[in-house]
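Listed here are the chains, written in short residue letters.
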Amino acid sequence: MLDDADDIHPLFYGAPKSTEFKKLRKRIVQNVREAVEQYGMVERSGGAPPKWLVCLSGGKDSYTLLAVLYELKWRGLLPVDLLACNLDQGQPGFPATVLPAFLEKMGVPHRIEYQDTYSIVVDKVPAGRTFCALCSRLRRGHLYRIAREEGCSAVVLGHHRDDILETFFMNLFHGGRLATMPPKLVNEEGDLFLYRPLAHVAEADCELFARAMNYPIIPCDLCGSQDGLQRQQVKQILDGWEKNSPGRRQVMFRALMNARPSHLLDPKLFDFAGLARAADDAEI
């Protein structure tokens, strides 16, 4: 059991002793371990263990990610070195001392990087347009650079199951394609992996976990303050479906893991033109 040992990582000091929290923690750890194994996130090189750059924004998701990765590593189930990284993007009012103080207290190796992408985004994005795309692109570029500088083989992000579902429906409704955030991919340069170990974890579980652990959560006031975001609209739709049919999100998520190209319409994925009847084969 997760709580049988006293030698837990400091990230779990003060964890609630309730049965509900123990079940929550066990579920999240199992979900992350499943994703790591299912998508082959640990490189088996036979030499030194790989090093991951774990991106920490200060939100509930990234705190959950960091804690669970350390839980797995602490118990010998994740043979990788972890380096937490916060990219301070220069947002006005961002509490720059919170994360360094937290990571120091927890004994977590980390790097804090300051890059004023906020001013660039505000200057380049026209009034009334959302900041997310440019902000994300700039942030990703800096994270890849930092990963290279630190000798990391992978950048690890805190996107969870609901982020993946929302992205799928955003692409469906607005992009005209069936696509979402994959749990594992290689960057365009081909030198770094990008992992999403929370791929199977529900957003609600991240919320419950981070709040129960009383981690110092920092809200994102850049995009979170904008009304009418497509992602918020999709989230509201999914919330409505979940309310009317509890468990609907998990059913839809399982569908993303059960694609049937022959029952879709993309001729690049399935050779429809080459289909033949048994009678046609016999005549040949």
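See the structure shown above.
The structure displayed is predicted, hence computed values, not measured ones.

What counts and what doesn't
- Residues numbered from 1 in each chain as written.
- Predicted model: local features only at pLDDT ≥ 70, side-chain atom pairs only at ≥ 80, totals over all residues.
- Heavy atoms only, no water.
- Helix = DSSP H or I, 4+ residues; strand = E, 2+ residues; numbered from the N terminus.
- Contact = heavy atoms within 4.5 Å.
- Salt bridge = Lys/Arg side-chain N within 4 Å of Asp/Glu carboxyl O.
- Buried < 20%, exposed > 50% of the residue type's maximum accessible area, 1.4 Å probe, protein only.
- Expected span 1.5 Å × (residues − 1).
- Axes fitted to C-alpha atoms, helices over the stretch in contact; angles between N-to-C directions.
- Parallel < 35°, antiparallel > 145°, perpendicular 65-115°, else oblique.
- Left-handed = near helix turned anticlockwise from the far one by under 90°.
- Pairing = 2+ DSSP bridges.
- Disulfide = S-S within 2.5 Å.
- Patch = residues over 30% accessible without salt bridge, like charges linked within 9 Å, V, L, I, M, F, W, Y side chains within 5 Å.
- Areas by Shrake-Rupley, 256 points an atom, 1.4 Å probe, with all protein chains shown as cover.
- Right-handed = clockwise from strand over helix to strand, strands pointing away.

1. Observations concerning the environment of Leu65
Turning to step 1, where the next piece is worked out: Within the element layout of this structure, Leu65 appears in helix H2 (residues 60-74).
Turning to step 2, where the next piece is worked out: Taking the C-alpha atoms as reference points, Leu65 and Asn258, 193 residues apart in sequence, are found 25 Å from one another.
Turning to step 3, where the next piece is worked out: Setting aside chain neighbours within four positions, we find Leu65 in contact with Val54, Cys55, Val156, Leu157, Gly158, Pro197 and Leu198.

2. Points about the pattern of salt bridges
Turning to step 1, where the next piece is worked out: Going through the model one piece at a time under the given rule, you end up with 23 salt bridges.
Turning to step 2, where the next piece is worked out: Measuring nitrogen to oxygen at the nearest pair gives 3.2 Å for the salt bridge that ties Glu37 to Arg33. On the criterion of helical spacing, the pair formed by Glu37 and Arg33 is a turn pair, its members being four residues apart in helix H1 (residues 19-38).
Turning to step 3, where the next piece is worked out: With relative accessibility at 54%, the residue Glu37 sits in the exposed group.
Turning to step 4, where the next piece is worked out: Exposure remark for Arg33: the relative accessible area of 37% places this residue in the partly exposed category.
Turning to step 5, where the next piece is worked out: Between Arg231 and Glu166 there is a salt bridge, with its nearest N and O atoms 3.3 Å apart. Taken together, the residues Arg231 in helix H8 (residues 230-244) and Glu166 in helix H6 (residues 161-175) connect sequence positions 65 residues apart.

3. Here we look at helix H5 (residues 132-149)
Turning to step 1, where the next piece is worked out: The terminal C-alpha atoms of H5, which comprises 18 residues, lie 26 Å apart, in line with the 26 Å expected from a rise of 1.5 Å per residue.
Turning to step 2, where the next piece is worked out: For H5, every residue scored as buried is listed here: Leu134, Cys135, His142, Leu143, Tyr144, Ile146 and Ala147.
Turning to step 3, where the next piece is worked out: Where H5 ends, the next residue or the one after it, Gly151, has phi of about 70°, a positive value.

4. Observations concerning the packing of H1 against helix H7 (residues 203-212)
Turning to step 1, where the next piece is worked out: Relative to each other, H1 and H7 sit at 125°, their axes nearing to 10 Å. Relative to H7, the element H1 is oriented oblique. Here H1 and H7 pass one another in a crossing that is left-handed. The segment H1 lies against H7, with Phe21, Leu24, Arg25, Arg27 and Ile28 engaging Asp205, Leu208, Phe209 and Ala212.

5. Brief notes about the sheet that holds strand E4 (residues 154-156)
Turning to step 1, where the next piece is worked out: Here six strands make up an open sheet; going across it, the order is E3-E2-E1-E4-E6-E5 and the pairing mixed. Across the chains shown, the open sheet's two edge strands, defined by having one partner strand only, are strand E3 (110-114) and strand E5 (184-186). Across the sheet, the mean angle separating the axes of adjacent strands is 25° when strand polarity is ignored.
Turning to step 2, where the next piece is worked out: With five bridges joining them, strand E2 (residues 81-88) and E3 adopt parallel strand pairing. From the neighbouring strand, Asp88 faces E3, where its bridge partner is Tyr114.

6. Points about the state of the cysteines
By definition, a disulfide links the sulfur atoms of two cysteine residues through a covalent bond.
Turning to step 1, where the next piece is worked out: In total, this model carries zero disulfides according to the counting rule given.
Turning to step 2, where the next piece is worked out: Its sulfur unpaired, Cys55 is 6.0 Å from the next cysteine sulfur, which belongs to Cys85.
Turning to step 3, where the next piece is worked out: On the accessibility criterion, Cys55 (10% relative accessible area) is buried.

7. Brief notes about a nonpolar patch on the surface
Turning to step 1, where the next piece is worked out: On the surface, a nonpolar cluster with roughly 530 Å² of combined accessible area is contributed by Leu172, Phe173, Leu178, Ile237, Trp241 and Leu264.
Turning to step 2, where the next piece is worked out: Every element with two or more residues in the nonpolar patch is listed here: H6 and H8.
Turning to step 3, where the next piece is worked out: By the element assignment, Leu178 lies in the loop between H6 and E5.

8. Here we look at the pairing of E2
Turning to step 1, where the next piece is worked out: By the criterion of burial, E2 is predominantly enclosed, with seven of the eight residues buried.
Turning to step 2, where the next piece is worked out: Taken together, the five bridges between strand E1 (residues 51-55) and E2 define a ladder with parallel strand orientation. Residue Leu53 lies in a different strand from E2, and its bridge partner there is Leu83.
Turning to step 3, where the next piece is worked out: Remark: the E1/H2/E2 crossover connection has right-handed handedness.
Turning to step 4, where the next piece is worked out: Crossover handedness for the path E2 to helix H3 (residues 98-106) to E3: right-handed.

9. Section: unusual backbone geometry
Turning to step 1, where the next piece is worked out: The phi dihedral of Asn214 falls on the positive side, at around 60°, and the residue is not glycine.
Turning to step 2, where the next piece is worked out: By secondary structure assignment, the location of Asn214 is in the loop between H7 and H8.
Turning to step 3, where the next piece is worked out: The class for Asn214 is exposed, based on a relative accessible area of 66%.

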